[in-house]
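# Observations on chain architecture
The lines below spell out each chain.
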Amino acid sequence: MKVEQVSVFLENKPGGLEHVTRVLADADINIRALSLADTSDFGILRLIVNDMESAAKALQDEGFTVKRSHVVAVEIPDRPGGMHSISKVLTEKNINVEYAYAFVERSGENAIIIFRFDDIDAGIDALLENGFTVLPGEKVYRL
Amino acid sequence: MIFNEEFETLPREALEALQLKRLQQVAGRVYHTVGFYKRVFDEAGITPDDIKTLDDIRRLPFTTKQDLRDNYPFGLFTVPMSNIVRLHASSGTTGKPTVVGYTRRDIEIWSRLMARSLVSAGLTKNDIIHNAYGYGLFTGGLGVHYGAEMLGASVIPMSSGSTKKQIMILQDFGPTAICCTPSYALHLAERGENMGVDMRSLRLRVGILGAEPWNEKIRQEIEDRLGITALDIYGLSEIMGPGVAMECAEGRNGLHVFEDHFIVETINPETGETVPYGEEGELVFTSLTKEAFPLIRYRTGDMSRLMKEPCKCGRTHVRMARVSGRSDDMLIIRGVNVFPSQIESVLRGIEGLEPHYELIVDREDKLDTLEIRVEMSEDIFSDEIKILQKIEQRITKDIKDYLGVIAKVKLVGSRTLERSEGKTQRVIDRREV
Ligand SMILES: [Zn+2]
């Protein structure tokens, strides 16, 4: 039920993001979701792509520092309070969200949110127990 | 003015006879009381009895910073701790400082030499001395303090930091002399001007500046902006502290080394050969009268040249030119000695970090800044910001704990820093001196 994500270290200087997207475009990689978190010094670009293996390799070959990790993709009802219904469950189960970002595509009528929990398995269990749809990686990469 | 007329103007012949007698004594003392000296003298095939002339000093082995490190903390002391009344320390290359000890008589001689230095700058017991050298393990603060008291001047023990308060004291207490680093003197001038204080109209008339490299251009700027005469003082804790050598107000060209207490030599740092007077070399000092911690031929790493020509002030002691640089890669950051190897060893102590780094030394508001750029590695990279920030904080803290300097740490992409063989190429020093 986990989705693989690739994170890239970026220095805070012009052209950093462009360099990553160029490398991925040249390698024929399709970016499905992306989030850029930054401080005054550096940034972390997190990506979900259609071909994780090739993306990581292409970036490493270009000299980027890359880390592969797991996140959770959840469908949320596209209506007021939809996001809150998830937050509520996570708070009740004492699950900490390290970060979250939205997916570009939809799954039918629903939006997709990517979550990074402190305890990923407990997070998945809590969501499933409460009737949320957690998307498997294979499905997310092909959306 | 001369504090100790007899000894400071001793004819060369008498001075050299005194140096020889004291050299024989100190060599004998360290040989018989310190295992390290016995060993290195024996290895060099020389005994204290072989010293017949001053030139024989060249047959004695050098003492290096590494030797001090190997004998940390008290291994080179020649007296028991019960005879030691004070300890000081300076930063070392592996996180361990270099420790120096003083007997009561050592403190007294140091105070007298410091008093000589103050008088050499034209000060008397009627002066008020604003002492902005740091008080603590660093020898600057207390060294100047005791000398000022020995002279009978009024000393304000400001120590370093709190610039605004320093400016208030400069205005309200009306000190006539200030002791600090040249860059701090400029920083005070700048901050005072920004606060709307006319820094030239203060009662200050003399600055006794040292503990970091500077030049004539900086001297000119300090003199203009503070309306003072700025003079150079030299010292290092291993040999004593401030007051090993001092520029005279009359000559303003080189610092008289107090040769009745020290023998100074200049050597080629590569070969160890003595270089002739007037030529640049590494300063090497032998302390002749220190009781607790005498050093034989200590290599300072400071580059200078010696001038033997008589000086118009009447002192017969040889002069050393203002220190022009280092024979090694030591950096002086806000008066603290920092070797790139120390930073490297701190980085190596952090798991997962590759010691690919670059040091950028600069000046902001006339004060030194240190930025450490460290390359990111797969082992420490994370998808979470806070983990990377923790690494930066950890490096900053370790550097502060081990070296006593505050550095700004910046993580940079892997393989973005230039790879080079020489260590000094990892340092970018943007300061003027
Ligand atoms: Zn002179």
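See the structure shown above.
To keep things clear, this report deals only with the structure shown in the data block. (Residues numbered from 1 in each chain as written. Chains lettered and ligands numbered in written order. Predicted model: local features only at pLDDT ≥ 70, side-chain atom pairs only at ≥ 80, totals over all residues. Heavy atoms only, no water.)

### Here's the deal with the overall build of chain A
Each helix and strand in chain A was counted, giving 5 helices and 7 strands. Helices and strands appear in chain A in the N-to-C order β-α-β-β-α-β-α-β-β-α-β-α. Here the C-alpha atoms of chain A give a radius of gyration of 16 Å, agreeing with the 15 Å that 2.2 N^0.38 yields for 143 residues. When its C-alpha atoms are laid out on the principal axes, chain A stretches across 45 × 30 × 25 Å. Out of the 143 residues belonging to chain A, those deemed buried represent 49%. If you take every contact in chain A between residues at least 6 apart in sequence, the share linking residues at least 24 apart comes to 69%. A total of about 6,900 Å² of accessible surface is found on chain A, and carbon and sulfur atoms cover 46% of it. Averaged over its 15 positive side-chain charges, chain A has a centre that lies 2 Å from the centre of its 23 negative ones. (Helix = DSSP H or I, 4+ residues; strand = E, 2+ residues; numbered from the N terminus. Rg over C-alpha atoms; globule rule 2.2 N^0.38 Å. Buried < 20%, exposed > 50% of the residue type's maximum accessible area, 1.4 Å probe, protein only. Contact = heavy atoms within 4.5 Å. Areas by Shrake-Rupley, 256 points an atom, 1.4 Å probe, with all protein chains shown as cover. Lys, Arg positive; Asp, Glu negative; His and termini not counted. Charge placed at Lys NZ, Arg CZ, Asp CG, Glu CD.)

### Things to note about the pattern of salt bridges
Residues and elements named next belong to chain B. Going through the model one piece at a time under the given rule, you end up with 48 salt bridges over all chains. Its salt-bridge partner being Glu-221, residue Lys-366 comes within 3.4 Å of it at the nearest N-O pair. Taken together, the positions of Lys-366 in the loop between β18 (357–364) and β19 (367–375) and Glu-221 in helix α9 (residues 216–226) put the pair 145 residues apart, joining distant regions of the chain. The class for Lys-366 is partly exposed, based on a relative accessible area of 22%. On the accessibility criterion, Glu-221 (27% relative accessible area) is partly exposed. Counted as one network, the salt bridges with shared partners bring together Glu-190, Glu-193, Glu-221, Arg-225 and Lys-366. (Salt bridge = Lys/Arg side-chain N within 4 Å of Asp/Glu carboxyl O.)

### Examining empty space enclosed by the protein
Residues and elements named next belong to chain B. Taken as a whole, this structure holds 3 cavities of 30 Å³ or more when the rule is applied. In this structure, the largest cavity encloses a volume near 70 Å³. In terms of lining residues, the largest cavity is bounded by Tyr-102, Asp-106, Ile-109, Trp-110, Leu-113, Ile-239, Met-240, His-261, Phe-262, Thr-289 and Lys-290. With 4 residues, the top contributor of residues to the lining of the largest cavity is helix α5 (residues 104–120). (1 Å grid on protein atoms, 1.4 Å probe; cavity = no way out; pocket = protein on both sides within 12 Å on 5 of 7 lines; lining within 4 Å. Points joined across faces, edges and corners; volume = space filled by probe spheres on them.)

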